[in-house]
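Structural characterization, general
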Amino acid sequence: MRRINTNHLAIIFVLATTLSCSDDFLERAPLDKPSMDTFWSSPEQAEMWVNYLYQVTPNSATGLMGVDVTTQEAYSDNAYGRTNRARNSIATGTFEPNDAHVANVWNYRNIRLCHEFFEYVGRVPGMPEAKLKELSGQVKFLLAFEYYKLTTRFRDVPLVKSALNVNESDVGVSPKAEVVAYLLDQLDEAIDMLPLSYPAGQEGRITKGAALFLKTRVLLYNERWAEAAATAKQLMDLSIYELHPNFEELFRTAFNNRKKGVILEIQYVENLFTHDISLRFSPVMFNAHALIQPTPELVESFEMIDGLSIHESPLYDPAHPFDNRDPRFYHTFLWHGEMLNETLPPLDLTGTEQNFAFTYVYFRKGIVDFRDRFRPMHLNWNLFRYADLLLMYAEAKNEASGPDDSIYDALDLIRQRAGMPPVDRVRYADQASLRSFIRNERRVELAGEGHRYDDIIRWRIAEDVLNINLTSMDLSQWADGPVDGQGEPLLKPRQVETRFFNPSRHYVWPIPQKAIDQSDLLQQHPEWR
Amino acid sequence: MMISDHPPGLRAPEYARSWSCAVSKPFLECGRKNWKVFFVLWFVLLTAPAVHGQDEKLVSGRVTSSEEPEGFPGVSVTIKGTTTGTITDVQGRYNIRVPSAESILVFSSVGYNAQEVVVGNRSSIDVELLPDVQSLEEVVVVGYGTQRRADITGAISTVGAAEIENRAVTNVTQALQGMVPGLNIINTNGQPGAHATDFKIRGTSTFSSNPVLVIVDGVPSSINYVNPSDIESISVLKDAASTSIYGSRASGGVILITTKGGKKGPPQVEFNSSVSIQSPTRYAPKVSALEHMLAQNEMRANDGGPPKYSDAEIEAARSPGFKEWDWEDFMFSNALQTNNTVSIAGGSETQDYYVSFGYLFQDGIFLNSNYERFSLQLNQNIRATKKLTVGYKVGYTPSTRVAPAAISWDHITQTSRLIGIRTDDGKWLTHPERTGDGRNPLYRASEDGGQSLLKRSQLVGNFTLNYEVVPDLALTATYGMNGTDSRSRVYTKLMTFWDQYNPDQIASTTDWNILDIDNARSIHQNTSLLAKYSKTIGDHRFSILGGYTAEWFEQVNDRVNTRDFLTDELYVIDAGTTDRTLWNISGSAADWALASIISRATYSFKDRYLVEGAMRYDGSSRFRDEIRWGLFPSASVGWILSEENFLKESRAVDFLKVRGSWGQVGNQNVGFYPFASVLSQSTAYFGGNPYRSVTTSGAPNPLLTWETKESINFGFEGSLFNSLLEFNAELFYEKTKDILLQLPLPTTFGQSEPVQNAGRVDNRGWELALQHRNTIGQVGYSISAQVSDATNKVIDMKGISPRISGNKITEEGRPMDEWYGLKAIGLFQTVEEVQNHSFQNPITSPGDIKYAEMGGDPNTITSDDRVRLGRSDARYPFGIRLNLTYKNFDFIAFGQGVMYNLIHSTGPVATNFDAESTTIRDYHLDRWSPENPNARFPKHRNNQATLINEQFSSFWLQNASYFRLKQIELGYNLSEGLLKKIQANRARLYVSAENLFVITKYLGFDPEMPNAASYPLPRLVNFGVNLKF
């Protein structure tokens, strides 16, 4: 090639830059994601938006929470949270505004997404009226649920009623009553809009019953007793829920979505969407972490089979402390020598396990199907149970108007299902004694399910039950207990941790420091200044 | 093996010998024998005969220099005023026909002063070339071109081949560390092939990230995949005057890497090889099992809990036969590294070439890790006609990285010496108290636990057509590409854990073996069309560059994860489960494009007054059309004082220049589509069925546009007393505005913050480099040192100042990200002291950290007591280098460090008992107890549970400044006689060490990667050889 024609060269240059000369060279749209501008074009897409609001990361505290509610058990006098500050700093009174678990509950993302639904859903062409109602009802419930969580923990919180622009996004707190009024409005609308049930294959969506249940709980937590009782009654009168006959089956994977008595089940699916509640509850010898362990106080709160407490009943024998107890006892706890399920060896506290069994007892509820940490569980989590509703009804009615037959009847349903004698209507004839009975029954029935902390806070008994030196079970007289080489009992009483509750501070959670740091309007609660 | 294949006409059999050495065994084992043919073909092509002139008089002679006393090959010998010329051969000899006795011969070579000799009636002319000490004629690579060093008016530092090629470094960042003032490089991980380095030019000037733009042979590329031996030069462009020609991507500075080219002359074969033994640098030692048990019980007692270990157990641990496990000994071992490069370079009148082949193998000092990299570089320029030159540079770098399928450094570092590892017959153990992923982190990391294999290849090519339209005017068209292909395969095996105390019994097993395949490809392409015009008229010298460039980029990845394989040897998806619920499939793609107009003009008068202006006009696909285009101009001036009459004759001053520059550069590092409101998909489940769900992923900002950095730079450089002292000082001041920032919004916004053009940050600093060179008797030496600093100041935060983010505060008028937290004022000694001090925590007691009351509630320590605790960025990075030569010996020592680095020390290495089951380090034994009131550490506590000591405070801010002896090397050049015997031009043997020691007060792992419980940096002892034929 002796000579290259200038024309040839020009062609080469033009070719070299051709690609870059076209007008749309710099117009690039996302290659792998749909855009908000083109979304919202069918009812199915609107439903996809709603579906996301249900999503809980398997163990997270956001959204509907799922199994993470069990973490709250260790905030209370029901359980000890081993090793992790996120689990025991509440009970030890060492938490403060910078704590991650305080910050986690303070979350406005779902609130925004709910408001965005209402902002955009009007664009959807051909949206059937019924579908719009059904979806709107779910969103309103989920919005209310967020405010229920916020007000329960933080009392007065910012009330955000729309998807905020950047420049209007700083919002100061509103009084709790105002926020609760707003959330009850949302719930009332949801109750009107929501169906009683969904077609098979859609279990887990919010129903009218779930909205009534949440309304009952919010009213109860706000001590609006008469309204709470009336709302609970309204739900009972729907006559579509009743207690599942077998207590233990409530916590078995095989009965996922097959329990009449559960009003809202958080959905898990084998392999695809699993959780590790087992990590929290199961013994270390099964490769779990035994992070949450029942306190002796909780174990003692379970009556004997005769309906009397261990201090009153002639059946109680310190040499056989686990005999003749409320049948729910055996579905709730696990102790030395007991089997968790058929595939695992009996619990053995003689070896290393002793180092982790701080209280000598573990929870069994919820982990009966557990096999190994590497087989995560997919047991649905019973977020709203009918038994809870009956207990809420009993409590609200008793507070509103004192003992009556409807209360005893509701409680007897639970007692009967449990295999316990009915309520002694003579012994618990006055409001105060019935109150303490209901409170204990609530503790026993719902043990390990994460409700106790809310209860001791609203009953304002936290300063009594949390200001203690937590010690282990005293099993030194246990006849079947493990012994060391000299025949001495191995499980001697021992100090577990010192707990602390400051009534002038700890009845409300501090606003997370991050939220205050990033706002000009938010100020810390007076208790925490 | 290869010699037998070489065709007749191959000139120098002696280099073929070394060539075959380089084609080392693993290469051939790969079965890619076709490479041989490829090589040979290239060789034939490249050694096309040179053209010689035919004239009256024959002149011959020999060229030498101080460095090449036996003959300087490759020196260009031309007849002045003509294009006729030749180059010296291997012995430095030349023959040339000259037209007449008046002809002038010009002898020139890069790095040497050219010499002109009138032929006269001599027929033999010997010449000794003198090195160009001041390197003024040295050509420096700048953006889209080259410049004489003397003409440069911006802040540019260069590193040449000589400073890189003799070191046993595996990548360029290692070679650059501590070499360039203002370039701060931090290693973050020592894993072979991980290439974990953070590098920054001139500190931090923005809230967002502005990575350094690395350009290899004209193509934006990764700095990690260039064979250091192939590098001719590295230019680090620091100020806006030198970087504005890269416009919107230049705000972090630019590094230009140029690979070697050929020089006129016969083929020169070079062979560089080193073998190294690596060992870990620093690893904080764990206490003995007994000390761990005692400390555990002490910790439990302090927290009010029961003892963990009984007296009997502790007694057993005291007995001489007690088995404890040395984790460090098990997981680390000395490892081999070998690094070889063979290259051939040469050229003629019509073409020049450089071909190299490199092979690096680095075994890991940790289990189950190694790295292998081939690098092939083919560079050639062909002068097709008098006017047209065609050139290309192609580098191909396939590499394979082997790493554990899973390393949990946290578990490894926290585990005590009580915990078992593996029996002698190969059973992996687990201690009953270890659960989940902590069961045996070394099992997971070992080959028995699986393996992660990353095969990555990168092809960087740049093709150039250069056409000289008329003299002084050239048109250049280029096409460049950088294609990467990476295939990651992570396989996790089924694992069986045996009980440590009963090793015949299975403690637990895992349920799945898992295969995860992730294939990713990306291609970056660019084209440009440039016109260059340069002219000298009398005392006026000027040049103009103008043109158009376009770049576009695409990346795609596909990922599959499946499990439940029937056997462990089949790493394909089909061998896994048929149950689709166990499949996991994902994929993503993205692209961007950039179109630009670039221009530059330079002017110099009498070689002493220099003016330069440059400009780039960039359009980016990352912004909406109306705000897509940005203009990035710069201007600079220089004055070479030493050319002035009043200094020209000065004996003291060899060279002196002052210069100043101003310019603007941009940053567009905001993700690919920051304007688009995109949605992400996931799955929700109802009734056991999956349902599609959709939500927003991040908040878009369609109004987003460039971040702009405006900078001023003053430079002062010179050489005094015949190069006894050379210096270069830079002062800079940068203002960055429209910073691309995710402003922390009130939490009630309910969404991650959109990126906004917000805020302004100023950054100022200085750089100083000094060098002293001298020869005393037969000892030649040079000492050079460099140090720099930069300090930023936040000017405007759009009304959200101050913002506290975690443990750091950013406030207008102050440096960015200062440490912010409680101030520790020692340890409580008595109960009274606790009671008399502000309330901290219900469980606070003697031996806990005492915090200063700084405001807010005077009786309680709260977040109101947080104060500023110092700057969080490292300052004063420096490097010192010593070179010595004596007779045939040469010696190099090179150290590097930072003088200020306040880091937050966290995790099991920092705190005594980070969590319940973690162990402690030797230095933690100096903890508080009534008997040891002046302890370094607070009393043992389970910090994860109580946090009262571990919470962020000034107590855990540690001084991690350090000085590290990076390199020490002793070389020996073989004497003439020996060289002749092996028919080599040069042969140098050396022994060296890298990362020999570090001086620091920091407790923990490596101060270069504090906190990181991670793969330690290796220390290397190297044996190497450099051969030239």
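Just so it is clear, the model here is predicted, and its values are computed rather than measured. Counting restarts for each chain, with residues numbered from 1 along the sequence as it is written. Each chain is given a letter, starting from A, and each ligand a number, starting from 1, according to the order in which they appear as written. Local features in a predicted model are, by the rule used here, given only for residues with pLDDT of at least 70; side-chain atom pairs are given and counted only at 80 or more, and totals for whole chains, interfaces and linings are based on all residues. As a convention, hydrogens and water are excluded, and side-chain values are obtained from all of the structure's heavy atoms.

1. Section: the pairing of strand 53 (residues 1018-1028) of chain B
The side chains of a regular strand alternate between both faces of the sheet. All names here are of chain B. Two strands form a pair only when DSSP identifies at least two bridges running between them. Working definition: helices are DSSP H or I runs of at least four residues, strands are E runs of at least two. Numbering for both runs from the N terminus. Inspection of the sheet shows strand 17 (residues 265-280) paired to strand 53 by 11 bridges, in the antiparallel sense. Its bridge partner lying in strand 53, Phe271 is registered against Leu1027. As paired strands, strand 52 (residues 986-1000) and strand 53 are joined by 9 bridges and run antiparallel to one another. Its bridge partner lying in strand 53, Ala993 is registered against Val1021.

2. Looking at the nonpolar core
Trp40(A), Phe141(A), Tyr147(A) and Phe384(A) are the most contacted members of the largest nonpolar core, which totals 163 residues. Among the elements that line this core, the one with the most residues is helix 6 (residues 129-154) of chain A, at 11 residues. If near-sequence neighbours (up to four positions away) are discounted, Tyr147(A) is found in contact with Tyr108(A), Ile111(A), Val157(A), Pro158(A), Leu159(A), Val160(A), Val179(A), Tyr182(A) and Leu183(A). The criterion is simple. A nonpolar core is a set of buried Ala, Val, Leu, Ile, Met, Phe, Trp, Tyr and Cys residues joined through side-chain atoms within 4.5 Å. With a 1.4 Å probe rolled over the protein chains alone, any residue whose accessible area is under 20% of its type maximum counts as buried; one over 50% counts as exposed, and the rest are partly exposed. Ranked by size, the runner-up nonpolar core spans 38 residues in total, among them Ala284(B), Phe366(B), Leu827(B) and Tyr923(B). Every residue pair with non-hydrogen atoms within 4.5 Å of one another is taken to be in contact.

3. Observations concerning helix 6 of chain A
Residue and element names in this part refer to chain A. Residue count minus one, scaled by 1.5 Å, sets the expected span of a helix. In this model, helix 6 (26 residues) spans 37 Å end to end at C-alpha, consistent with the 38 Å of a helix rising 1.5 Å per residue. When you tally the buried positions in helix 6, you get 20 out of 26 residues, the bulk of the element. Where helix 6 ends, the next residue or the one after it, Arg155, has phi of about 65°, a positive value.

4. Observations regarding the sheet that holds strand 43 (residues 818-821) of chain B
All names here are of chain B. Taken together, 4 strands build an open sheet; the order of strands is 41-42-43-46 and the sheet is antiparallel. Single-partner strands in this sheet number two, and they are strand 41 (803-805) and strand 46 (867-871). Recorded for the sheet is a direction-independent mean angle of 40° between the axes of neighbouring strands. Two strands pair when backbone bridges link them, and strand 43 and strand 46 are joined in this way by 4 bridges, in the antiparallel orientation. In the sheet register, Tyr820 faces strand 46, and the bridge partner there is Arg868. To get an axis, a line is fitted to the C-alpha atoms, and for a helix only the part in contact is used. The angle between two axes follows their N-to-C directions and goes from 0 to 180 degrees.

5. Here we look at the interface of chain B and chain A
On the side of chain A, 89 residues touch chain B, which itself brings 97 residues to the contact. Two parts placed together each lose some accessible area; with a 1.4 Å probe, that loss summed over both constitutes the buried area. Buried area between chain B and chain A, both sides added, is near 8300 Å², and the carbon and sulfur share of it is 59%. Per-residue buried area on chain B facing chain A is highest for Tyr685(B), Phe686(B) and Thr748(B); these three make up 9% of the total on that side. A pairing counts as a salt bridge when a side-chain nitrogen of Lys or Arg comes within 4 Å of a carboxyl oxygen of Asp or Glu. Between the two partners, chain B and chain A, sit 3 salt bridges. Among the ionic pairs, Arg866(B) bridges to Asp517(A), the shortest N-O distance being 3.4 Å. Pairs of N or O atoms within 3.5 Å make up the polar contacts considered here, provided that, within protein, one atom can donate a hydrogen while the other can accept it, and that residues adjacent in sequence are counted only when both atoms are side-chain atoms. Connecting chain B to chain A are 21 residue pairs in polar contact (both at pLDDT 80 or more).

6. As for the packing of helix 7 (residues 176-193) of chain A against helix 8 (residues 208-221) of chain A
Residue and element names in this part refer to chain A. At a closest axis distance of 9 Å, the pairing of helix 7 and helix 8 adopts a crossing angle of 155°. Classed by the angle they form, the pair helix 7 and helix 8 counts as roughly antiparallel. Here helix 7 runs over helix 8; the crossing is left-handed. Taking contact as the criterion, the partners of Val180, Leu183, Leu184, Leu187, Asp188, Ala190, Ile191 and Asp192 in helix 7 are, on helix 8, Lys208, Ala211, Leu212, Leu214, Lys215, Val218 and Leu219. Across the contact of helix 7 with helix 8, the residue classes break down as 11 nonpolar, no polar and 4 charged. Should an angle fall under 35 degrees it is called roughly parallel, over 145 degrees roughly antiparallel, and 65 to 115 degrees roughly perpendicular, with every other angle called oblique. Each helix crossing is assigned a hand: it is left-handed if the near helix lies turned anticlockwise from the far helix by less than a right angle, otherwise right-handed if that turn is clockwise. Three classes are used, and their members are as follows: Ala, Val, Leu, Ile, Met, Phe, Trp, Tyr, Cys and Pro are nonpolar, Asp, Glu, Lys and Arg are charged, and the others, Gly among them, are polar.

7. Re the side chain of His924(B)
All names here are of chain B. Relative to the assigned elements, His924 resides in the loop between strand 49 (902-904) and helix 14 (943-946). Within the structure, His924 has its side chain in polar contact with the backbone oxygen of Ala910 (distance 2.8 Å). In contact with His924, not counting residues within four places along its chain, are Pro908, Val909, Ala910, Thr911, Asn912, Phe937 and His940.

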